[in-house]
Structure formats: C-alpha cells, structure tokens
Amino acid sequence: MISVKNLVKRYGDLVALDHLNLDIHEGEIFGLLGPNGSGKTTAINCILALLKYSKGTIQVMGKQMTPQSYDIKRHIGIVTQDVAVFEELTVYENIDYFCGLYITDKAERASLVEEAIVFTGLEDYRKFYPKKLSGGLKRRLNIACGIAHKPKLIILDEPTVAVDPQSRNRILEGIQELNAKGSTILYTSHYMEEVEMICTRIAIMDKGKIIASGTKNELKSMISLGEKITVEAFGLNGEGTAYLKALKGVLDVDYSDNTLVVKSQRGRNNLVHVLDYLKSNNITFNKIYSEMPTLNDVFLEITGKELRD
Amino acid sequence: MFKHAFVYNLKTILRERETVFWSLFFSLLMATLFYFAFSNIAETVKFKTISIGLVDSPLLSEGSQFHSVLSSISDADGIRSEDDLFHVMTGTVEQAEEWLKTGRISGFVFYDQGMRLVVSGSGFNQTIIKTFLDEYNQTTQTVKGIIQDNPAALFKTITDVMNRKDYLKQTSVSPTGGDVMATFFYALLAMSCLIASTASVFEITKLQANLSTLAARINCSPVKKFKLFLYNISASLAFQIVVVLIVLAYVMLVLGIDFGERTGLIILTCIIGTITGVFFGTATGVLGKSEGMKMAITIGGTLFSSFLAGLMATGMKYFVQKNMPIVSYISPANLITDAFYSLYYYDTLNRFWLNIAILCIISLVFCTITCLVLRRKTYASI
C-alpha cells in the first residue's frame with residue numbers, strides 16, 4: 001500500500017528523515033511509534049506529497065506519489081494531529097464539506113456523512129459548532145471528516161493527543177473497526193500502549209530513522225530483556241541487591257523508594273528465586289508484579305532513553 | 001463540486017463576524033458618520049432666506065425708497081418667493097429686540113440719523129445683511145452726490161450706478177449638478193471595495209498547506225488547487241460585491257448622496273473595484289507568511305490608498321493628481337474615485353473607461369501573482 005525508500009528530508013542542517021524505509025501492506029494497521037520530534041509527522045507529510053524531500057522515493061497504491069496524484073488522493077483519508085475543521089461550520093456541515101471534496105453525488109454523500117456521524121458517536125451534536133464541543137468530541141469530528149468518504153488508506157497522525165480516556169478508547173475501537181471493514185491504517189503515536197493495542201505491525205522511529213520494525217512480539221524478541229519483576233519491599237540492603245544481581249540470567253537490579261525492580265533475560269524466570277530470598281531474609285514485601293517487556297523497554301534498550309523523553 | 005464548495009465557503013464567510021463587520025458594518029458606519037459630519041459643513045454654507053427685522057418709521061416703511069429696494073429682494077412686498085434674500089418682519093424697536101433675543105431674526109434695521117443695523121453676533125447672515133445695507137448706503141450716497149454736484153449727468157450715469165454687471169456665468173459641464181459631499185463618499189466606496197482584501201487573505205490561508213492544518217487537509221483532497229482557489233474566491237467575491245452594493249444603495253438611497261444618473265456604470269465601477277480589492281488580498285495572502293503582517297499590508301494599503309484618494313481630505317486627491325500623477329494612476333482607490341468622479345462630472349466616458357481599464361490590469365497582475373505562487377504544490381516546511 002505504501003512503500004518509502006531511502007527518504008531523506010532536511011531542514012537546513014537538521015536531518016528530519018534520515019534514509020527512511022517503510023513498507024506498509026494492504027489491510028494492516030501499521031503503527032509508527034516514536035517520541036515527539038522523531039520525524040513521524042514529517043514522514044506523513046512527505047507521503048502525502050505536501051512536503052518537498054531531498055532524496056528517496058514514495059509509492060502509494062503502487063504508484064509514485066506526487067501532488068498531482070489525484071487518483072491516489074481520492075482513496076486516502078487523513079486525520080491530522082491538530083483538529084482541522086471549519087469553526088464556522090456545524091459538525092454536519094464540516095463532515096459534508098470534506099466528504100464533498102471526494103464524493104460528488106449528493107445522495108451518496110448524505111448517506112456517507114450519516115454513517116460517519118454514527119461511527120464517531122456524534123449523533124447528538126450534528127448542529128453544534130466545533131467551539132461548543134469538548135476536546136474529545138472535536139477529535140472525533142476530526143476523524144469523521146477524514147474517514148467519511150470511506151478511503152482505502154487512512155492516515156492518522158496522533159489522533160488521541162489531549163483526549164479523555166473514554167474518547168480515546170472509542171477512537172481506538174473505531175480504528176480497529178475501520179480496519180476490519182477493509183481500510184489500511186497508518187497510525188502514528190508516541191503512546192506505546194495504543195500502538196501495542198491496535199497495530200499489527202510497528203516501526204519505531206528515532207531521529208528520523210526506523211530503529212526497529214515488526215510485530216510487537218518480534219520487536220520484543222529483539223531485546224535481551226525477558227521479564228521485569230517489580231516488588232514493593234521494605235528494608236532491602238546492599239547485600240541483598242548484590243545477591244539478587246548474582247542470580248542466573250538477571251540483567252539489572254534496582255532498589256529505590258521501597259521498590260525493587262529485577263530485570264531478567266529472556267527464557268529465565270526468577271520470580272520464585274526473588275521471593276524466596278525476601279522470605280528467607282525476613283524482608284517485608286507487599287505488591288508483586290511480573291511484566292513482559294513493553295515497547296518502551298525495546299526503545300530503551302535500543303536507544304538508551306525512555307520513549308517519552 | 002462548484003456549488004458545494006461555493007455554498008460552504010459563503011457560509012463560512014457569512015459566519016465570520018470579523019469579516020462581516022469590517023466589510024459591511026464598518027463601511028456603513030463610516031458612511032453614516034461622514035453623512036452627519038459633512039452635512040453640517042454643507043449646512044453652514046447653504047444659503048437660506050435670512051429673517052430680518054424692520055423698525056417701523058417713515059423713512060423705512062412702505063412707500064419709502066429703502067422699502068422699495070428691500071421689497072425687490074425680500075418678501076417685504078407681501079409676496080414670498082424661494083429667491084428672497086430676506087424675510088422681513090416689521091414692528092417696533094421693542095418687538096425687534098425681542099425677536100433678535102429669541103433668535104427669530106438675525107438683525108434688525110432702524111433709522112436714527114441714518115440707517116442703523118443691530119445684530120446679536122457675527123456670522124454668515126449678519127455679514128449678508130451688512131453688505132446689503134452698505135451697498136444701499138453707498139449707492140444712495142453716490143446718487144445724492146451726482147444730484148448735488150452735476151445734476152445734468154444724472155440721467156447719463158444713473159443706469160451705470162444702478163446696474164450691477166456679473167462677469168461670471170454659470171454653466172454645467174456634467175450631465176448632473178454638483179455635490180461637494182460626494183467626493184468623500186467616492187473615497188469611502190473605494191475603501192469598501194478595497195477592504196475586501198482582508199477577507200481574501202483568509203481565503204488564501206485556507207489553501208496553503210504551509211499556513212494552516214485546515215489547508216493541509218484540503219490539499220490532500222483530489223481537487224485541483226486552482227479549482228479550489230476559484231471556488232473559494234468566487235464565494236468571497238460574490239459576498240464582497242453584495243456588500244459594496246449594499247453600501248452603495250445605503251449611500252445613494254438612504255443618505256441621499258447624489259452619484260449621478262449613470263447607475264449601471266457606477267455598479268460596474270463597484271464590481272471592478274471589488275475584484276481589484278479581492279485580488280490585492282489574495283496576492284498579499286500568498287506572498288506574506290505572517291498573518292499579522294498580511295493584515296497590516298491589506299488594511300494599511302487600503303487606508304493609505306483611500307487617503308490618497310481623498311477619504312480624509314478632499315484636497316489630497318487633487319494634490320496627488322497634480323504632484324504625483326503616476327501614483328494617481330496606480331493607486332486603486334484613486335482610480336475608483338476617479339471613475340465615480342468622471343461619471344458624475346464628465347459628459348464623455350473616456351476618462352472613466354481609462355480608469356476601469358487600469359483597474360482591470362492591476363487586478364490581472366494581482367491574480368497572476370496569486371496563481372503563480374499557488375501553483376507551488378509542495379512546501380519546504382509545514
């Protein structure tokens with residue numbers, strides 16, 4: 001569906017996209033994950049032929065993407081990072097206006113607009129002006145304007161920024177539903193939980209480069225971390241942390257603010273050993289968590305920094 | 001597609017309060033203010049029959065020489081006419097003083113060892129009364145002098161003394177009369193046409209992806225940018241033309257300002273002027289980056305051009321025409337006011353069509369700039 005080869009975009013001396021390569025297949029939800037400023041939006045703007053780029057090729061639906069690729073644009077829906085609607089038009093009018101740029105048949109458009117309103121749960125707000133809507137409802141309107149014409153490819157650029165949890169869940173469910181109906185989705189976010197939840201394949205970006213890509217399990221298997229044990233423990237001393245560090249397969253032990261974190265290599269399960277040590281040394285402990293590595297851990301291990309940095 | 005985009009753009013324009021205010025209400029407000037401000041000025045120079053008092057006495061009353069002279073230019077003979085210089089109220093000194101005190105008369109004349117005039121202040125009316133009396137006294141003295149010194153010459157010279165020769169002749173070079181106030185309203189209408197540029201800046205912002213997210217989304221649609229530009233600008237133009245015609249109707253029909261009888265060509269001037277204003281705005285919109293700067297250019301440009309055309313002082317238009325003729329040919333407001341002026345004062349339409357042709361050329365230049373810049377499809381940064 002989208003093929004990006006060696007894409008380079010420079011802003012003066014700053015390299016925003018550094019030989020970026022992407023392959024997004026038809027029917028998938030592809031997540032582009034990266035911290036703010038990693039180049040996600042720049043990549044999207046290049047894919048949409050809005051931005052000039054220094055080098056590389058971009059193909060969408062098998063054809064070179066240019067500003068004049070109207071036959072391709074017809075099948076693309078875009079949901080921008082900032083809400084991009086007319087403040088002077090009502091919810092219904094906004095959706096109808098944007099849908100009308102793709103669909104000229106009035107009857108067909110009326111039905112599509114209605115569908116988009118129901119899909120985004122804006123039935124009660126048809127006659128509302130955007131300024132009267134909450135942040136979450138505005139985001140839903142932003143999505144409705146981008147998907148009303150039933151595009152084959154939907155590009156969503158951080159659609160859940162500054163959205164309440166209820167609206168966020170609704171948006172994420174909606175994206176999965178759109179995908180189930182046949183749309184290919186390119187989803188960018190810096191929220192790893194969202195990407196992990198809905199995306200079939202993920203590319204992690206940093207400083208304009210793809211640093212890792214694959215399914216979430218493939219990404220997690222790229223790093224050595226296999227298990228992270230977190231225990232609320234009281235009175236653990238340096239001797240104790242040294243003992244735990246010496247356990248087989250333990251990568252790192254951290255103890256601060258009565259919270260013990262033990263990271264182990266993949267294939268090793270140290271939960272029992274950790275608890276045995278705490279019990280036998282009469283160290284009081286309360287809450288225990290054993291977690292599989294997250295995408296943040298993947299990002300951390302590859303780049304040495306947190307995803308949200 | 002055209003209808004779809006046109007209707008929605010028109011809706012957005014009509015619901016933008018700022019646009020409606022600056023385009024319509026600002027002009028109507030200005031027109032009203034001008035009307036009241038300048039109608040007072042006109043009132044002060046407009047001649048009205050002056051009420052004077054005449055104190056009853058043998059030398060002044062009916063049958064006297066003075067009375068017969070006064071009757072020829074007033075209603076002292078009992079016959080009222082629009083051309084009367086004076087409206088005469090005859091009475092006693094006490095009555096005349098009372099009338100003067102209450103403002104019913106501008107002054108009164110009585111005889112006390114000569115013609116005396118009493119006024120309560122100085123002004124236009126008082127000056128006229130005094131001039132009349134001075135002239136009467138002078139003529140009377142001249143005739144008396146001739147009778148005393150050379151009675152034989154009286155019949156020979158009396159005609160010359162009594163006759164006043166007017167060396168000025170009133171002719172009209174225009175199909176209409178003349179209205180001093182109209183010049184201000186020409187400039188005001190020119191400003192109304194050109195202020196359309198501010199709304200056009202917003203229209204362009206809706207189309208350039210580097211200026212707004214909304215424009216970025218619109219640019220992702222499968223509609224050619226040039227078509228979108230035409231759709232948007234048609235709506236803007238339609239709105240602005242209606243606005244200017246409303247202002248024109250208000251000025252002509254409600255305020256009663258005389259623009260002459262060539263209504264069709266007056267409307268044409270408004271339309272061409274508005275087109276110039278709209279494309280001035282689109283050119284500024286595509287060339288500038290900061291919205292503040294663009295608004296400053298359009299509003300500042302409009303007001304400066306209108307100032308040169310005589311919006312704030314009628315003399316400026318003539319000063320520019322005399323000292324900076326090139327400016328008068330490239331300043332859109334000047335061309336618009338000059339077109340109105342030509343329609344009002346000239347029999348022929350040569351000068352009018354020249355103004356319209358230059359306005360069309362200026363519009364074409366602005367439109368070409370807009371299209372050339374808009375042709376750019378991708379941006380270096382967004």
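Everything quoted here is computed from the prediction, not taken from an experiment. (Residues numbered from 1 in each chain as written. Chains lettered and ligands numbered in written order. Predicted model: local features only at pLDDT ≥ 70, side-chain atom pairs only at ≥ 80, totals over all residues.)

This paragraph deals with the overall build of chain A. Each helix and strand counted, chain A has 11 helices and 14 strands in total. Here chain A holds 309 residues, and 42% of them are scored as buried. Looking at chain A alone, contacts between residues at least 24 apart form 67% of all its contacts between residues at least 6 apart. (Helix = DSSP H or I, 4+ residues; strand = E, 2+ residues; numbered from the N terminus. Buried ≥ 20, exposed ≤ 12 C-beta atoms within 10 Å, placed from the backbone. Contact = placed C-beta atoms within 7 Å.)

A few words on the overall build of chain B. Along chain B, the regular secondary structure elements total 16 helices and 4 strands. Split into buried and exposed, the 382 residues of chain B put 36% on the buried side. Sequence-distant contacts, at least 24 apart, represent 71% of the contacts inside chain B between residues at least 6 apart.

Moving on, we come to the pairing of strand β4 (residues 115-119) of chain B. Residues and elements named next belong to chain B. Where strand β3 (residues 107-111) and β4 come together, 5 bridges link them in antiparallel fashion. Following the sheet pairing, Gly107 is matched in β4 by Val119. Here β3 folds back onto β4 in antiparallel fashion, the turn holding 3 residues, of which Gln113 has a positive phi close to 50°. (Pairing = 2+ DSSP bridges.)

What follows deals with the confidence of the model for chain A. Summary statistics for chain A give a mean pLDDT of 88 and a share of 98% for residues scoring 70 or more. Here helix α11 (residues 295-303) of chain A stands out as the element of chain A with the lowest mean pLDDT, 79, in contrast to helix α3 (residues 91-100) of chain A, whose mean of 96 is the highest. (pLDDT = per-residue confidence, 0-100.)

Strand pairing in a sheet relies on backbone hydrogen bonds. The paired strands run either parallel or antiparallel. Residues and elements named next belong to chain A. Spatially, β2-β1-β4-β5 is the arrangement adopted by the 4 strands of the open sheet, whose pairing is antiparallel. Where the open sheet ends on each side, the last strands, each with one partner, are β2 (14-24) and β5 (63-64). Two strands pair when backbone bridges link them, and strand β1 (residues 2-11) and strand β4 (residues 55-60) are joined in this way by 5 bridges, in the antiparallel orientation. The residue of β4 that forms the bridge with Ile2 is Val60.

Quick look at unusual backbone geometry now. All names here are of chain A. Even without being a glycine, Asn6 presents a positive backbone phi close to 45°. Looking at the element boundaries, Asn6 is found in strand β1. Using a count of 12 C-beta atoms within 10 Å as the deciding quantity, one classes Asn6 as exposed. Notably, Ala49 is not glycine yet its phi reads approximately 65°, a positive angle. Structurally, Ala49 can be placed in the loop between α1 (40-47) and β4.

A few words now on the domain arrangement of chain B. Each assigned domain of chain B is listed here: domain 1 (2-41 + 179-374) and domain 2 (48-162). Between the C-alpha centres of domain 1 of chain B and domain 2 of chain B the distance comes to 55 Å. (Domains from an automatic or database assignment.)

Listed as interface residues are 23 residues of chain B and, on the opposing side, 25 residues of chain A. Those elements that place two or more of their residues in the side of chain B that touches chain A are α1 (2-15) and α9 (213-219) of chain B. In the side of chain B that touches chain A, the residues fall into 11 nonpolar, 7 polar and 5 charged. (Nonpolar A, V, L, I, M, F, W, Y, C, P; charged D, E, K, R; others polar.)

To continue, consider the domain arrangement of chain A. Considered domain by domain, chain A is made up of domain 1 (2-220) and domain 2 (224-292). If you average the C-alpha positions of domain 1 of chain A and of domain 2 of chain A, the two centres end up 42 Å apart.

All names here are of chain B. Interhelical geometry of helix α7 (residues 182-194) versus helix α11 (residues 263-287) gives an angle of 45° and a closest axis separation of 7 Å. As judged from the angle between their axes, α7 and α11 are oblique. Between α7 and α11, the contacting residues are Leu189, Ala190, Cys193 and Leu194 on the first element and Cys270, Gly273, Thr274, Thr276, Gly277 and Phe280 on the second. (Axes fitted to C-alpha atoms, helices over the stretch in contact; angles between N-to-C directions. Parallel < 35°, antiparallel > 145°, perpendicular 65-115°, else oblique.)

All names here are of chain B. The sheet built from 4 strands is open, its strands ordered β2-β1-β3-β4 with mixed pairing. Edge positions in the open sheet fall to β2 (86-91) and β4, since each of these has one partner strand only. Geometrically, the sheet is characterised by an average inter-axis angle of 25° between neighbouring strands, direction not taken into account. Against the sheet, helix α5 (residues 124-149) makes contact with β1 (50-55), β3 and β4, and its axis sits at roughly 175° relative to β4, the strand it touches most.

It is worth spelling out helix α8 (residues 196-205) of chain B at this point. Taking burial as the measure, the 10 residues of α8(B) include 9 buried ones, the bulk of the element. Where α8(B) is concerned, the buried positions are B:Ala196, B:Ser197, B:Thr198, B:Ala199, B:Ser200, B:Val201, B:Phe202, B:Glu203 and B:Ile204.

All names here are of chain A. Burial of strand β6 (residues 76-79) is two-sided: the residues Ile76 and Ile78 facing one way and the residues Gly77 and Val79 facing the other way are all buried. Relative to strand β7 (residues 153-157), β6 is paired through 4 bridges, and the arrangement is parallel. Bridge pairing links Val79 to Leu156 in β7.

The first and last C-alpha atoms of helix α15 (residues 332-345) of chain B sit 20 Å apart over 14 residues, in line with the 20 Å expected at 1.5 Å per residue. Burial analysis of α15(B) places 13 of its 14 residues in the buried class, which makes it a mostly covered element. (Expected span 1.5 Å × (residues − 1).)

On the secondary structure map, B:Glu62 appears in the loop between β1 and α3 (65-72). With 15 residues separating them in the primary sequence, B:Glu62 and B:Asp77 have C-alpha atoms 8.4 Å apart.

On to the environment of A:Phe30. All names here are of chain A. Take Phe30: it is sitting in strand β3 (residues 29-33). Taking the number of C-beta atoms within 10 Å as the measure of exposure, Phe30 has 23 and is therefore buried. Along the backbone, Phe30 and Arg140 are 110 residues apart, and their C-alpha atoms lie at a distance of 20 Å. The contacts of Phe30, once residues within four sequence positions are left out, are Ile24, Ile185, Leu186, Tyr187, Cys199 and Arg201.

Bringing the environment of A:Asp252 into the picture now. Residue position: A:Asp252 is located in strand β12 (residues 250-256). Sequence separation of A:Asp252 and A:Thr230 is 22 residues, and the distance between their C-alpha atoms is 12 Å.

All names here are of chain A. With their axes 10 Å apart at the nearest point, helix α5 (residues 135-147) and helix α6 (residues 165-180) run at an angle of 15° to one another. Taken together, the axes of α5 and α6 are roughly parallel relative to one another. In the packing of α5 onto α6, the handedness of the crossing is right-handed. Between α5 and α6, the residues in contact are Gly136, Arg139, Arg140, Ile143 and Ile147 and Ser167, Ile171, Gly174 and Leu178, respectively. (Left-handed = near helix turned anticlockwise from the far one by under 90°.)

A:Ile95 and B:Leu189 are the most contacted members of the largest nonpolar core, which has 147 residues in total. Ranked by the residues each element gives to this core, the list is headed by helix α10 (residues 225-254) of chain B, at 12 residues. Beyond its immediate stretch of four places on either side in the chain, A:Ile95 contacts A:Val113, A:Ala116, A:Ile117, A:Ala144, A:Cys145 and A:Ala148. Counting 16 residues, the second largest nonpolar core, distinct from the first, contains B:Phe66, B:Val88, B:Ile105 and B:Ile129. (Core = buried A, V, L, I, M, F, W, Y, C linked by C-beta atoms within 7 Å.)

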